[in-house]
Amino acid sequence: MLIVKHEKEEILSYLEDASNFRGGNAEKVYIPENESDLKEALFECSKNATPVTISGGGTGTVGGRVPTDGAIISLERFNRILTIEKEGKTALLQAGVVIKDFLNEIEKLNLFYPPFPTERTAFIGGNTATNASGEYSYRFGPTRKYVNKIRMLLTTGQMFEIQRGMCFEKNGMIDYGNLKIPLPSYRTPRIKCSAGYFSQEGIDGIEPLIGSEGTLGVITEVGVSLIDCLPARAIIIIFFPDEEKIPDIVKAVKTEFKQLYSLEFFERRSLQFLKNDYPEIPDNTCALYVESVADIHEMEQWAEFAEKYHAIDTIIGEDPKNYQRLIDFRHRLPENINGYFKKLGIVKVALDIAVPEKNFKDLYCFYRKIMEEEPIHTILFGHIGENHLHFNLFPRNEQEKARAWQLYAEGIKKGLSLGGTVSAEHGIGKIKHRWLEAMYGQQGLREMARIKKIFDPHTILGLDNIIPRQLLYT
């Protein structure tokens, strides 16, 4: 049975995500239980030209699930794990399956889903729609690599289904049989990237749908590849006194250690967000957080490495209790930061840039210069192994807010000059149109709009996500 909510107090919880995006508004929320209900809701919206925004788990950071008008379709009842094939190491999930529930189920079969995000309450459909990444993306890559099937309902009422390997880009086109789309002229950089429709020569036809942020169709099912459960691992947090030397230390880590699962960085201000929970953090230090195989030789090698590079202290979690405590160390920071943004009541001023490895030190020094020279409260942390850090600014008044966005623009310009992306893992949503245009140009946005209108000729789905609405009508 299709549930429809009209009352304002029933809708409010669907008008927010982790971005603290303001201005959310909707007339109603549809909560379908099956594809028949979904078709009914989408048909009604198409007939009345009502904009539709798809609502997932609410963990996004760019306002993607927050509409400014129209209706919401929530996939919260599409929450069934349809199949898990242990021998073939695959699973088929409805789009509203919560990641932590999925991880718990496959763990019973000694299987693992590597690209799960930090926010484990996220939905698998949302992960697919944003090409999400998590703590193991350094070793295993983002969601894109693991999606092998997508089933989605189009605004025309057509059920569109594609499996990896079914079709490929050829002569600038991807032919799905009943639909054909041109490949955009821009090329997605070959780095960690979640910015716009994926575009490279010879790509599989499933690729543009991964990371399309709810703008092409309503994803109802996702097929994914799995791997065997990981071997025993240890977490090592090494505290250093000098942030200036971190890029060189990271380069040494990548050279000397080949069995890493994650490689993260926390500068000293970010560690302050964790001090209450982890009072053993040394003062005035930064930290590298690594996850590695847990064997005696590896642990000895890490101890020698810490000494060689003059570490202040090292924390190791090998046994299950301490391992879990240090996993929480990593997860707690973005949660605390998001809570802080919410407390301040401001939209995130947070750069999500990744660059090619050869240019990372230049970007890192750019960030450090801002932190040293500007009075705005800033923190820097994240996926340093993938040359991708989160640079957050916390302006305390209107003057600082204006300066923060000016610095944001300078950061985007710097990142793009280094061959980077404006969004490594968080997507574009409604917040980053301007920066996506800086990356791909007005022509690139128009090419994306053309693709969207082929999938969604009614132009009602996911408006203002990725593509500014006005470009759809010109």
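Report follows, based on the coordinates. Bear in mind the structure is a predicted one, so any value in this text is a computation, not a measurement.

### Examining the sheet that holds strand β4 (residues 71–74)
Here is step 1 of the chain: Taken together, the four strands give an open sheet; going across it, the order is β1-β2-β4-β3, and neighbouring strands pair in mixed fashion. Two strands lie at the open edges of the sheet, namely β1 (3–5) and β3 (52–55), each paired on one side alone. Mean inter-strand twist for the sheet, computed between neighbouring axes without regard to direction, equals 25°.
Here is step 2 of the chain: Bridge count for β3 against β4 is four bridges, and the pairing is parallel.

### Thoughts on the pattern of salt bridges
Here is step 1 of the chain: For the structure on display, the rule yields 31 salt bridges.
Here is step 2 of the chain: Across the pair Lys 308 and Glu 256 runs a salt bridge whose closest N-O atoms are separated by 3.6 Å. Taken together, the residues span a long stretch of sequence, with Lys 308 in helix α8 (residues 296–308) and Glu 256 in helix α6 (residues 246–256) at a distance of 52 residues.
Here is step 3 of the chain: The exposure class assigned to Glu 256 is partly exposed, which follows from its relative accessible area of 32%.
Here is step 4 of the chain: A salt bridge links Arg 403 to Glu 374; its shortest N-O distance comes to 2.6 Å. Note that Arg 403 is positioned in helix α11 (residues 398–417) and Glu 374 in the loop between α10 (360–373) and β20 (377–383), a separation of 29 residues in sequence.

### Observations concerning the pairing of strand β2 (residues 28–31)
Here is step 1 of the chain: Both faces of β2 are covered, namely the face carrying Lys 28 and Tyr 30 and the face carrying Val 29 and Ile 31.
Here is step 2 of the chain: Where β1 lies against β2, three bridges are found, and the strand directions are antiparallel. Each residue of the ladder has a partner; that of Val 4, found in β2, is Tyr 30.
Here is step 3 of the chain: Here three bridges tie β2 to β4, and the two strands are oriented parallel to one another. Each bridged residue has a counterpart across the sheet, and for Val 29 the counterpart in β4 is Ile 72.

### Some details on empty space enclosed by the protein
Here is step 1 of the chain: Throughout the structure, instances matching the rule amount to two cavities of 30 Å³ or more.
Here is step 2 of the chain: For the second largest cavity, the calculated volume is near 40 Å³.
Here is step 3 of the chain: As for the second largest cavity, its lining consists of Pro 51, Val 52, Thr 53, Pro 67, Thr 68, Asp 69, Ile 460, Gly 462, Leu 463 and Arg 469.
Here is step 4 of the chain: When the residues that make up the lining of the second largest cavity are grouped by side-chain class, the tally is five nonpolar, three polar and two charged.

### Focus: the packing of α6 against α8
Here is step 1 of the chain: Following both chains from N to C, one finds α6 and α8 inclined at 155°, their axes separated by 12 Å at the closest point. It follows that α6 is roughly antiparallel to α8 by the angle criterion. Along this stretch, α6 crosses α8, giving a crossing that reads as right-handed. Mapping the contact onto sequence places Ile 249, Ala 252, Val 253 and Glu 256 in α6 and Gln 301, Trp 302, Phe 305 and Lys 308 in α8.
Here is step 2 of the chain: A class-by-class count of the residues in the contact of α6 with α8 yields five nonpolar, one polar and two charged.

### Some words on the packing of α10 against α11
Here is step 1 of the chain: Remark: α10 packs on α11, axes separated minimally by 11 Å, with the N-to-C direction vectors making an angle of 165°. Here α10 is positioned roughly antiparallel relative to α11, judged by the angle of their axes. In this structure, the crossing between α10 and α11 has a hand that is right-handed. Seen from α10, the contacting residues are Asp 362, Leu 363, Phe 366 and Ile 370; seen from α11, they are Leu 407, Glu 410, Gly 411 and Lys 414.
Here is step 2 of the chain: Here the residues of the contact of α10 with α11 sort into four nonpolar, one polar and three charged.

### Remarks on the layout of surface pockets
Here is step 1 of the chain: Considering only enclosed or pocket space, the largest pocket measures out at about 490 Å³ in volume.
Here is step 2 of the chain: Lining of the largest pocket is provided by 18 residues; of these, Glu 107, Phe 112, Phe 116, Arg 120 and Arg 233 occupy positions nearest its centre.
Here is step 3 of the chain: Secondary structure elements with two or more residues in the lining of the largest pocket: α3 (99–107), β7 (111–112) and α9 (320–344).
Here is step 4 of the chain: Counting residues per element, the lining of the largest pocket draws most heavily on α9, which supplies five residues.
Here is step 5 of the chain: Across the lining of the largest pocket, the residue classes break down as nine nonpolar, three polar and six charged.

Calculation notes
- Residues numbered from 1 in each chain as written.
- Predicted model: local features only at pLDDT ≥ 70, side-chain atom pairs only at ≥ 80, totals over all residues.
- Heavy atoms only, no water.
- Pairing = 2+ DSSP bridges.
- Helix = DSSP H or I, 4+ residues; strand = E, 2+ residues; numbered from the N terminus.
- Axes fitted to C-alpha atoms, helices over the stretch in contact; angles between N-to-C directions.
- Salt bridge = Lys/Arg side-chain N within 4 Å of Asp/Glu carboxyl O.
- Buried < 20%, exposed > 50% of the residue type's maximum accessible area, 1.4 Å probe, protein only.
- 1 Å grid on protein atoms, 1.4 Å probe; cavity = no way out; pocket = protein on both sides within 12 Å on 5 of 7 lines; lining within 4 Å.
- Points joined across faces, edges and corners; volume = space filled by probe spheres on them.
- Nonpolar A, V, L, I, M, F, W, Y, C, P; charged D, E, K, R; others polar.
- Parallel < 35°, antiparallel > 145°, perpendicular 65-115°, else oblique.
- Left-handed = near helix turned anticlockwise from the far one by under 90°.
- Contact = heavy atoms within 4.5 Å.

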